[in-house]
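What follows is each chain in one-letter form.
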Amino acid sequence: MDVKIAEDWKKILQPEFEEPYFQELISFVKAEYASRRIFPRGSNIFRAFDKCPFDKLKVIIIGQDPYHGEGQANGLCFSVNDGVPFPPSLRNIFTEVASDTGARIPDSGNLDRWAEQGVLLLNAVLTVRAHEAASHAGRGWEQFTDAVVRAIAERKQGIVYMLWGSYAQRKGAIVNPTSNLVLKCPHPSPFSAASGFFGCRHFSQANDYLVAQGKEPVVW
């Protein structure tokens, strides 16, 4: 199956694209786009991979599924386009970045700037119906993104994994913590941020680890 995704990722993930589950998934997704309002737009489904080439990847943040409000989802987990008000989780992320690193809270919630520095912003599920959270869960995306995490874990060491909340932590359970930096805390959602996301200092910890490996730190 010919999937429009960055070439380096395509070579790595091609076996998944030939699996029956993935072909069923794509048939379902195409039918959904043809009959319903689906986010993000089709050209942005694999945008997280396009913005963060495999060879540049040094940090991975795992989200759950795309924002389901109008104009929010742009293919990167937690990210919104320029001019879109910050969803609560993203605002909490920026609050922790500011507290942890001293960076000011930005004017835009567009996280392209992180992705372009080697941060893979990966949702577990890559599509969603408008105003229906988790509406594309259980259709095959989770199997695909499990394969993505497995491919990274098998091919790269010295990666920072930011696993916020139990869902992301289960997805990252295969990662070897002795050859990578695995950072865990509650999800930045307003329901859980105060129970350990605030004060986690993941952003400075990530940069300290990257610098210790001779890599460029991320400008958060």
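Here we summarise the structure given alongside this text. This one's a predicted model, so the numbers in the text were calculated from it and none came from an experiment. (Residues numbered from 1 in each chain as written. Predicted model: local features only at pLDDT ≥ 70, side-chain atom pairs only at ≥ 80, totals over all residues. Heavy atoms only, no water.)

1. Some points on the overall build of the protein chain
- Each helix and strand in the protein chain was counted, giving eight helices and six strands.
- Counting helices and strands in the order they occur from the N terminus, the protein chain gives α-α-β-α-β-α-α-β-β-α-β-α-β-α.
- Here the C-alpha atoms of the protein chain give a radius of gyration of 17 Å, agreeing with the 17 Å that 2.2 N^0.38 yields for 220 residues.
- Viewed in the frame of its principal axes, the protein chain has a C-alpha envelope of about 45 × 35 × 25 Å.
- In the protein chain, which comprises 220 residues, the share counted as buried stands at 55%.
- Looking at the protein chain alone, contacts between residues at least 24 apart form 65% of all its contacts between residues at least 6 apart.
- Carbon and sulfur atoms make up 50% of the accessible area of the protein chain, which totals about 10000 Å².
- Within the protein chain, one finds 24 positive and 24 negative side-chain charges whose respective centroids are separated by 1 Å. (Helix = DSSP H or I, 4+ residues; strand = E, 2+ residues; numbered from the N terminus. Rg over C-alpha atoms; globule rule 2.2 N^0.38 Å. Buried < 20%, exposed > 50% of the residue type's maximum accessible area, 1.4 Å probe, protein only. Contact = heavy atoms within 4.5 Å. Areas by Shrake-Rupley, 256 points an atom, 1.4 Å probe, with all protein chains shown as cover. Lys, Arg positive; Asp, Glu negative; His and termini not counted. Charge placed at Lys NZ, Arg CZ, Asp CG, Glu CD.)

2. Things to note about the layout of surface pockets
- Each pocket or cavity is described by its volume, and for the largest pocket that value is around 500 Å³.
- Lining the largest pocket are 26 residues, with Asp65, Pro66, Tyr67, Ser89 and His187 positioned closest to its centre.
- Elements with a contribution of two residues or more to the lining of the largest pocket: helix H4 (88–101) and strand E3 (119–123).
- When its residues are assigned to classes, the lining of the largest pocket shows 14 nonpolar, 11 polar and one charged. (1 Å grid on protein atoms, 1.4 Å probe; cavity = no way out; pocket = protein on both sides within 12 Å on 5 of 7 lines; lining within 4 Å. Points joined across faces, edges and corners; volume = space filled by probe spheres on them. Nonpolar A, V, L, I, M, F, W, Y, C, P; charged D, E, K, R; others polar.)

3. Considering the packing of aromatic side chains
- Applying the stated criterion across every chain yields a total of 21 aromatic pairs.
- Geometrically, the ring pair formed by Phe86 and Phe94 is edge-to-face, given 5.1 Å between the ring centres and 65° between the ring planes. As far as burial versus exposure is concerned, Phe86 and Phe94 are alike and both buried.
- An aromatic cluster is built from Trp9, Phe17, Tyr21, Phe22, Phe46, Phe49, Phe54, Trp141 and Phe144, whose rings are joined through pairwise contacts.
- Above the ring of Phe54, the side-chain terminus of Lys156 is found at 4.9 Å from the ring centroid. (Phe/Tyr/Trp six-rings, centres within 6.5 Å; stacked < 30°, edge-to-face > 60°. Lys NZ or Arg CZ within 6 Å of the ring centre and 35° of its normal.)

4. Digging into the environment of Phe203
- Along the chain, Phe203 turns up in helix H8 (residues 202–212).
- If we ignore the near neighbours within four places in the chain, the residues touching Phe203 are Ile93, Glu96, Val97, Asp100, Thr101, Trp114, Met162, Trp164, Phe197 and Trp220.

5. So, the packing of H4 against H8
- Closest axis-to-axis distance for the H4/H8 pair is 8 Å, and the angle between their directions is 60°. Judged on the interaxial angle alone, H8 and H4 are oblique. Mapping the contact onto sequence places Ile93, Glu96, Val97, Asp100 and Thr101 in H4 and His202, Phe203 and Ser204 in H8.
- Residues of the contact of H4 with H8, tallied by class, amount to three nonpolar, three polar and two charged. (Axes fitted to C-alpha atoms, helices over the stretch in contact; angles between N-to-C directions. Parallel < 35°, antiparallel > 145°, perpendicular 65-115°, else oblique.)

6. So, the pairing of strand E2 (residues 59–63)
- Here E2 lies mainly inside the structure; five of its five residues are buried.
- Alternating positions in E2 separate into two faces, Val59, Ile61 and Gly63 on one and Ile60 and Ile62 on the other, with burial throughout.
- Direction of pairing for E2 relative to E3: parallel, over a ladder of five bridges. From the neighbouring strand, Val59 faces E3, where its bridge partner is Val119.
- The sheet contact formed by E2 and strand E5 (residues 160–164) spans three bridges and is parallel. Along E5, the bridge assignment pairs Ile60 with Tyr161. (Pairing = 2+ DSSP bridges.)

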